[in-house]
Amino acid sequence: MRIATSMIFDAGVASIQKQTAALQHTQQQVASGKRMLSPSDDPLAASRALDVSHASANNEQYLSNQKATGESLGLVENSLTSIGDLLQTVRTLAVQGGNAGLNDSDRRSIAADIRQRYTELLGLANAADSTGQYQFSGYMGATKPFSGSVEAGVVYAGDDGQRLLQVSASRQIAASDSGNDVFMRMHNGNGTFVTAATTTNTGSGIIDGGATLDPSKWNTVANSKDFSLRFAVSGAVPPVTTYDIVDNVSGNSLLTGAAPGAAPYPRVFQPGQAIDFKSQGAEPAFDFGAQLIVSGQPASGDTFAVQASSSQSVFTTIANLITGLETSSRTSANATLLANRIGTALTNLDQASNNILTVRASVGSRMNELDSLASAGQDLNLQYQQSLSNLQDLDYADALTKLSQQQSTLDAAQKSFLKVSSLSLFNYL
Amino acid sequence: MGTSILNIGISGLNAAQTGLSTAGHNISNATTPGFSRQQSIQSTNTPQFTGAGFIGQGTNVQTIQRVYNQYLSSQLLSAQTRLSELDTYSGEIKQIDDMLGDPSAGVATALNDFNTGVNAVSANPASIPARQAMLSSAQSLVGRFQSLDARFNEIRDGVNSQIQSTVVTINSYAQQISEMNQRIVLAQANGPQPANDLLDQRDQLITEVGKQVRVSTVPQTDGSYSVFVGNGQPLVVGTVPFVLAALPSREDSSRLTIGVALPGGGQAGLPEALFAGGVLGGLLNFRSASLDPAQNALGRVATALAMSFNDQHRLGQDLTGALGGIFFNAPTPQVITPTAPANAGTASIAAVISGVGGLTTSDYRLAANGGGNYTLTRLSDNVNVFTATTLPRTVDGLTITLASGAAVAGDSFLIQPTRVGARDISVAITGPRSVAAAAPIRTTGALTNTGTASISSGSVNAPPPPNVNLTQTVTLTFNTPPTTFNVVGTGTGNPVGVAYTAGGNISYNGWTLQVSGTPGAGDVFTLSASPAGVADNRNALKLAGLQSTGIIAGGSTTFQAAYSQLVSDVGNKTREIQVTSTAQTNIFQQAQEAQQSLSGVNLDEEAANLLRYQQAFQASGKMIEIASKLFDTVLSLGR
């Protein structure tokens, strides 16, 4: 092939330029530590890297949301612990207050103590978080949620809002609980029904909170959920106590199916023996899955009410307890009334404690979930960093080998070009 | 006889001298661009017939010819044209590639920061600093969009000015070629000898035009060339140059395109497709195949972000208890009505975005067919989206309406749905209190409820604006048995006995909520306004969720994904152009080598030629000396 002199120069310069360009690219890679200097170096990896850094940014966002949720829940948990302790103290005081050996002034001083707790509880319920927002006011963070007094009762001014936070791509966790759920919306009695002694009872019958054997039976349509227990004591020796269960809605006796008759009543009463809401013997068939116990000796005409539970705030429960302790005196009928009141208060306090515990358990399980999400999120973060690094970062060993290889190629190209271009016949003319 | 030898010697001396001149010319032009080496072609003189046969009469130089191959040269020319097209394209698209790849300039980081801002408000809805931070991150996101768009426009301006200077260059070469044609015709009119150096110069001029735009030549009998650029637009015919011009496009005056000066004055635009190859082809191709779609794609992300964010924001409630307003000033499509020459009709066309999911990254041409009928062409794939249809019409996420006037057949309009999206997006709200983080409604179950049913917090139905009765208090009261409920509240129509499905959607007044669990008879649930819900983050949560929701491209692509798709598209195109350009460089080098191998000067060869003709000269001189001696011998015979 015929070679033109310009070809020697053009080809030499072109190859030197090519080598220099490659060398410069590698040098830039080494200097920046990046495999891709612009997306065109590896378009697939570049867009993948954007996707991964977006996913990683999202993940970090979730981690920071988890932290925010955790902090908020931590504060709620603190408050709930204090409230739980407080209710325990009130319960102890209530049990003390029920002690028959106490005189009126002892009970009043206990009542005064419980009043203090009441105020303390009100303070806890109005707790604010680090930004000054009330913890238990739902969405209405700037509104003081609870106000009132023992006598006037406490009113909730917040709403039912629960603030959710996005803590993972598919999971939102509540960072707060509304005051309604914590303090107000708790069932009194045993949670299904509530028992109460009529204040005019003269006997020593004390009714317990009762037990639900089968909630589905209690919830049958046939159940009116509003009953009176009526007691009568016969004049015989020894006296026989009988009782009737009257459905207050239909006005009929549950045990006969007809209008309640005069004493003696259909069932015979034994103190401490369970009273079943279930037909026995020849009674019309019914079964509401509930039983309760009356201990002591009711007098003739004594009645006890059994009704469906309704919401009663913890404030009302404690207020009732305080009123009970403050108004009771030492007559025997009053002692029974006091015992019944203390019993009801204890049942309701247990409900309140249970409710607080339930909320605490829910907060705790949320915090647990956050912990596991956080550790998963941190693992994920590591993986994202790793795949980002795989996509973007330079393999230095590889690049440096390439650099020295390109260096020597360039060197060879330059030297050989010099040699070839210096050859000329004119040197000899 | 002596004179004959002398003559032969002189002819040899002359031929050798010509040879030496030619070699010298070659040596001195070894580095002249476009120079083809020349050879002197010698042949024998007519011999003298004698009885002893033909006696040679020496030599003469028949012609000086350039070593040139038309085929190799045109191959080189077309390789050069394609290479400079690819080089131009590659140089231009590299600017976008570098810009998008720079993490500090791209939108990706700003989108993430904005997402963080929204989430911070979601975590702390009542916090003014968090709201302020969200606004700031929105500002910086918008700023990023705008600066990227400004950069796109700089590149666009750069393309315009390069088109202008390319056209000037081509015109100047056309002028020179026409002059060269004239000189060659004159030079060659004197005889059949080729005007080698002039031909080389003209070829070189044609090569220079070939760098700017694809060029083809047709040799004429008088030795001139007719030169055509692109796909057949005459540039030089004989000695007449045609003047090209860079004209604003009729459809979009911000866009320079190529036109030609008409003989009777005035200029006429030519279709861009006519000008392929070279710098010009590279610029036009880059603008329509990469710059437009990339800027549209960026605009689409901005438009979709603004509109979807606004839609959700307007369903919320701000810190002052008012319904959310618009968060961003959303960009609107651009409709360009030609001005020079203007449409014959008076129609004014309006286009609004009716669904961000349907938006493409293309521009559209709406052409009037007369009689109120229109044809819409999507320019990216040249598909007629609809033909012979009356307006208004909704297609590809756009609703096109006739705003006023009437169009006549032949009128056309250019619709750019997202071209200015990244330029026009801005933050609309000013105060941190105006961020609508809360929902305007709240729900509660009465404390006296005996059942275990619970009510969800409720959500406001899209799209905005919300129902006028949205915040009216509505109560749901369960009947006995609690399998149905009654609804009471303004705007609901107070239906009674609505069947209850646990967890089913209950929707009135533009809200939707669910009641789940087992309600008791007489249980009451209430929905009401939530004027004091400062710690409510329900809407902020939904706003934050938008970033991970598929919104673009029929609801399949998130903002981030759409942006990374843009980066990947540009990266891939850049890569493709670079790879093609590398391959084309090799093709060009091979063509150049083949051409140079034939026509290029080899200095060693010329050195050898110098020696050859020097020796021939010396030998001829010797011959003259011998002839002289012979003559002396003859003269001495008489003494």
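For every chain, the first residue of the written sequence is number 1, and numbering continues from 1 along that sequence. For naming, the first written chain is A and the first written ligand is 1, with later ones following in the order written. Note on the predicted model: pLDDT of at least 70 is required for a residue's local features to be given, and 80 or more for side-chain atom pairs to be given and counted; whole-chain, interface and lining totals, by contrast, use all residues.

Draft legend 1. Local environment of the overall build of chain A. For helices the rule is a DSSP run of H or I covering at least 4 residues; for strands it is a run of E covering at least 2, with both sets numbered from the N terminus onward. A count of helices and strands for chain A gives eight helices and 13 strands. In terms of its C-alpha atoms, chain A occupies a principal-axis envelope of roughly 160 × 50 × 30 Å. Using C-beta atoms placed from the backbone, we call a residue buried if 20 or more other C-beta atoms fall within 10 Å of its own, exposed if 12 or fewer do, and partly exposed for counts in between. Burial status across chain A gives 38% buried among its 429 residues. Residue pairs are scored as contacts if the distance between their C-beta atoms, which are placed from the backbone, is within 7 Å. Restricting to contacts in chain A with at least 6 residues of sequence separation, those with at least 24 account for 68%.

Draft legend 2. Spatial organisation of the overall build of chain B. Secondary structure summary: chain B contains 11 helices and 30 strands in total. Relative to the globule expectation of 26 Å for 639 residues, the C-alpha radius of gyration of chain B, 41 Å, shows a markedly less compact shape. Put simply, 68% of the contacts in chain B that link residues at least 6 apart link residues at least 24 apart. Atoms counted for the radius of gyration: C-alpha only. Globule rule: 2.2 Å times residue count to the power 0.38.

Draft legend 3. Expanded view of the interface of chain A and chain B. Opposite the 49 residues of chain A that make contact, chain B presents 59 residues. Within the residue set of the side of chain A that touches chain B, elements represented by two or more residues are α1 (5–32), α2 (43–97) and β3 (164–168) of chain A.

Draft legend 4. Quick look at the sheet that holds strand β27 (residues 498–499) of chain B. Residue and element names in this part refer to chain B. Each pair of strands is called paired provided DSSP finds at least two bridges between the two strands. Strands sit in the order β22-β30-β25-β26-β27 across an open sheet of five strands; the sheet is antiparallel. The open sheet terminates on both sides in strands that have one partner only, identified here as β22 (441–445) and β27. Across four bridges, the pairing between strand β25 (residues 474–478) and strand β30 (residues 524–529) is antiparallel. Paired with Val-474 across the two strands is Leu-527, which belongs to β30.

Draft legend 5. Local environment of the nonpolar core. For this entry, the nonpolar core is defined as buried Ala, Val, Leu, Ile, Met, Phe, Trp, Tyr and Cys residues connected by C-beta atoms within 7 Å. Judged by nonpolar contacts, the single largest core of 208 residues is most densely connected at A:Ile318, A:Ile322, B:Val209, B:Val301, B:Ala304, B:Tyr563 and B:Leu566. No other element matches the 19 residues that helix α4 (residues 128–189) of chain B contributes to this core. Counting eight residues, the second largest nonpolar core, distinct from the first, contains B:Ala453, B:Phe478, B:Ile506 and B:Phe525.

Draft legend 6. Region of interest: the packing of α4(B) against helix α5 (residues 196–212) of chain B. All names here are of chain B. An axis is simply a line fitted to the C-alpha atoms; with a helix, the fit covers only the stretch in contact. Between two such axes, the angle follows the N-to-C directions and lies from 0 to 180 degrees. In contact at an axis separation of 9 Å, α4 and α5 are set at 160 degrees when each is read in the N-to-C sense. With respect to α5, the element α4 is oriented roughly antiparallel. Read as a crossing pair, α4 and α5 show a hand that is left-handed. Where α4 abuts α5, its residues Thr-166, Thr-169, Ile-170, Tyr-173, Gln-176, Ile-177, Met-180, Arg-183, Ile-184 and Ala-187 lie against Leu-198, Leu-199, Gln-201, Arg-202, Leu-205, Ile-206, Glu-208, Val-209 and Gln-212. Within the contact of α4 with α5, the residues separate by chemical class into 11 nonpolar, five polar and three charged. An angle below 35 degrees is treated as roughly parallel, one above 145 as roughly antiparallel, one from 65 to 115 as roughly perpendicular, and anything else as oblique. Crossing chirality is assigned from the near helix's rotation relative to the far helix, an anticlockwise turn below a right angle marking it left-handed and a clockwise turn marking it right-handed. Polarity classes work like this: nonpolar for Ala, Val, Leu, Ile, Met, Phe, Trp, Tyr, Cys and Pro, charged for Asp, Glu, Lys and Arg, and polar for all others, with Gly in that last group.

Draft legend 7. Here's a closer look at the environment of A:Val249. All names here are of chain A. Here Val-249 shows up in the loop between β9 (241–247) and β10 (267–268). With 247 residues separating them in the primary sequence, Val-249 and Arg-2 have C-alpha atoms 120 Å apart. For Val-249, the contacting residues outside a window of four places in its chain are Ser-224 and Asp-226.

Draft legend 8. Up close: unusual backbone geometry. All names here are of chain B. The amide bond that connects Pro-464 to the next residue, Pro-465, takes the cis arrangement and shows omega of -5 degrees. Its place among the elements puts Pro-465 in the loop between β24 (459–460) and β25. The amide bond that connects Thr-480 to the next residue, Pro-481, takes the cis arrangement and shows omega of -5 degrees. With respect to the helices and strands, Pro-481 occurs in the loop between β25 and β26 (484–488). Even without being glycine, Asn-382 reaches a positive phi, approximately 55 degrees. Counting through the fold element by element, Asn-382 comes out in the loop between β16 (373–378) and β17 (383–390). Positive phi values are uncommon outside glycine, yet Ala-553 reaches one of about 55 degrees. Judged by local crowding, Ala-553 falls into the partly exposed class, with 19 C-beta atoms found within 10 Å.

Draft legend 9. Representation of the confidence of the model for chain A within the structure. Model confidence for chain A is summarised by a mean pLDDT of 89, while 99% of its residues fall at 70 or above. Per-element confidence in chain A is highest for helix α8 (residues 396–421) of chain A, whose mean pLDDT is 93, and lowest for helix α5 (residues 215–218) of chain A, whose mean pLDDT is 85. Confidence scores here are pLDDT values: one per residue, from the predictor, ranging 0 to 100.

Draft legend 10. Just the sheet that holds strand β14 (residues 348–353) of chain B, in detail. Residues and elements named next belong to chain B. One open sheet holds the three strands; their spatial order is β14-β19-β18, and the pairing between them is antiparallel. For this open sheet the edge positions go to β14 and β18 (393–395), each flanked by a neighbour on one side alone. Direction aside, neighbouring strands of the sheet carry axes that sit 30 degrees apart on average. Pairing of β14 with strand β19 (residues 398–404) involves six bridges; the strand directions are antiparallel.

Draft legend 11. Inspection of the pairing of strand β12 (residues 287–295) of chain A at higher detail. Residue and element names in this part refer to chain A. Pairing geometry for strand β6 (residues 206–207) and β12, over two bridges, is antiparallel. By the bridge assignment for β12, Ile-207 is matched with Val-294. Two elements, strand β7 (residues 211–212) and β12, share two bridges in a ladder whose sense is antiparallel. Along β12, the bridge assignment pairs Thr-212 with Ala-290. Bridge analysis of strand β11 (residues 274–278) against β12 gives four bridges, and the strand direction is antiparallel.

Draft legend 12. Structural view of the packing of α5(B) against helix α6 (residues 278–313) of chain B. All names here are of chain B. Across the interface, α5 lies against α6 with an axial gap of 3 Å and an inter-helix angle of 5 degrees. By the angle between their axes, α5 is roughly parallel relative to α6. Contacts from Gly-210, Lys-211 and Gln-212 of α5 reach α6 at Gly-278, Val-279 and Leu-280. Here the contact of α5 with α6 is built from residues that sort into two nonpolar, three polar and one charged.

Draft legend 13. The confidence of the model for chain B, seen in detail. Residue and element names in this part refer to chain B. Summing up the model confidence of chain B, the mean pLDDT is 91 and the portion of residues at 70 or higher is 100%. Strand β11 (residues 267–269) is the least confidently modelled element of chain B, averaging 81 in pLDDT, while strand β12 (residues 328–329) averages 96, the highest of any element. The complex prediction reports pTM at 0.87, with the ipTM value standing at 0.82.

Draft legend 14. Structural context of the environment of B:Thr574. Residues and elements named next belong to chain B. Following the sequence through the fold, Thr-574 ends up in helix α10 (residues 559–599). In this structure Thr-574 comes out as buried when scored by C-beta crowding, with 27 C-beta atoms within 10 Å. Expressed as a C-alpha distance, the spacing of Thr-574 and Ser-90, which sit 484 residues apart in the sequence, is 6.4 Å.

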